[in-house]
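# Overview (structure and organization)
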Amino acid sequence: MPQDSQDLDHMAASLVACLPALSRAMERQVGRDYVHPRPSEAQLALLRHVETHDGVTVRAAAEALLMKPNNVSALVTQLTAQGLLERRPDPADKRVAHLHLTPTARQRVTEVQQLMADRLTRALHALTDGEQDALGSALGALVSLNRHLHDAAR
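Before going into details, it helps to say that this report is about the structure given with it. Predicted model, so just to flag it, every value in this text is computed and none were measured. (Residues numbered from 1 in each chain as written. Predicted model: local features only at pLDDT ≥ 70, side-chain atom pairs only at ≥ 80, totals over all residues. Heavy atoms only, no water.)

### With respect to the overall build of the protein chain
Each helix and strand in the protein chain was counted, giving six helices and two strands. Reading the helices (α) and strands (β) of the protein chain from amino to carboxyl end gives α-α-α-α-β-β-α-α. Considering the protein chain as a whole, with its 154 residues, one finds that 21% of them fall into the buried category. Within the protein chain, residue pairs in contact and separated by at least 24 positions form 53% of the contacts whose partners lie at least 6 positions apart. Surface summary for the protein chain: the accessible area is close to 10300 Å², and the carbon and sulfur share equals 58%. (Helix = DSSP H or I, 4+ residues; strand = E, 2+ residues; numbered from the N terminus. Buried < 20%, exposed > 50% of the residue type's maximum accessible area, 1.4 Å probe, protein only. Contact = heavy atoms within 4.5 Å. Areas by Shrake-Rupley, 256 points an atom, 1.4 Å probe, with all protein chains shown as cover.)

Structure representation (structure tokens):
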């Protein structure tokens, strides 16, 4: 059933307040249990992107993450110094570098994702069956909303 403008405004305001709070709560909980220095959210986003797009360039990663290339370049420098990311020159154009996770980074990204999934699963178990069903039904809409927001930002 279509929502009226006032309902959509309320929904938007609620999402704007709720989603960052959920993210911060997850970060804090995971930070307590993670034994290594935890990457910043921006570093983690880049590591996750490189994990799924092995060999991506800085420019392509910046575009996908909706960040400025110089900011992604700074993240790459930090993560390279920490031994989590490798820059490999493009054989055809030495000015272009391709990004690859190190084995250590692969292990740590997996550890963080597992900690987050475990925490979220525990929290989901605390919800009623109806609340769990509502969240399950909303997942597709949230993925679609994310895609629309990313498309509009480009």
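### Quick look at the side chain of Arg119
In this structure, Arg119 sits in helix α5 (residues 103-125). Setting aside residues up to four positions removed in sequence, Arg119 forms contacts with Met26, Gln29 and Asp33.

### So, the packing of helix α2 (residues 41-52) against helix α4 (residues 69-81)
Packed helices, taken two at a time, are described by the angle between their axes plus the distance between the axes. Running from N to C, α2 and α4 cross one another at 85 degrees; their axes reach a closest spacing of 10 Å. What the angle tells us is that α2 and α4 run roughly perpendicular. Contacts between α2 and α4 involve Ala42, Gln43, Leu46 and Leu47 from the first element and Val72, Leu75, Val76, Gln78 and Leu79 from the second. Classifying every residue of the contact of α2 with α4 by side-chain character gives seven nonpolar, two polar and no charged. (Axes fitted to C-alpha atoms, helices over the stretch in contact; angles between N-to-C directions. Parallel < 35°, antiparallel > 145°, perpendicular 65-115°, else oblique. Nonpolar A, V, L, I, M, F, W, Y, C, P; charged D, E, K, R; others polar.)

### Looking at the side chain of His98
Within the secondary structure, His98 is located in strand β2 (residues 97-101). At a separation of 2.6 Å, a polar atom in the side chain of His98 contacts the main-chain carbonyl oxygen of Gly55. Leave out the neighbours within four places in its chain, and His98 touches Gly55, Val56, Thr57, Glu86, Arg87, Arg88, Pro89 and Asp90. (Polar contact = N/O pair within 3.5 Å; in protein donor to acceptor, adjacent residues only side chain to side chain.)

### Side note on the nonpolar core
Core analysis: the biggest nonpolar cluster contains 17 residues, and Leu46, Leu47, Val50, Val72, Val76 and Leu85 have the highest contact counts within it. Of all the secondary structure elements, the ones that give two or more residues to this core are α2, α3 (58-65), α4, β2 and α5. Here Val72 is in contact with Leu46, Val58, Ala61, Ala62 and Met67, once residues within four sequence places are set aside. Within the second largest apolar cluster, six residues are counted, among which are Met26, Tyr34, Val112 and Met116. (Core = buried A, V, L, I, M, F, W, Y, C linked by side-chain atoms within 4.5 Å.)

### Observations concerning a nonpolar patch on the surface
Residues Leu139, Leu142, Leu145 and Leu149 make up a contiguous nonpolar surface patch of about 350 Å² in total accessible area. With respect to the element layout, Leu139 can be found in helix α6 (residues 129-153). (Patch = residues over 30% accessible without salt bridge, like charges linked within 9 Å, V, L, I, M, F, W, Y side chains within 5 Å. Salt bridge = Lys/Arg side-chain N within 4 Å of Asp/Glu carboxyl O.)

### Observations concerning the environment of Leu15
With respect to the secondary-structure elements, Leu15 resides in helix α1 (residues 5-33). The partly exposed category is assigned to Leu15, whose relative accessible area is 26%. Discounting residues that sit within four places of it in the chain, Leu15 has contacts with Pro20 and Leu145.

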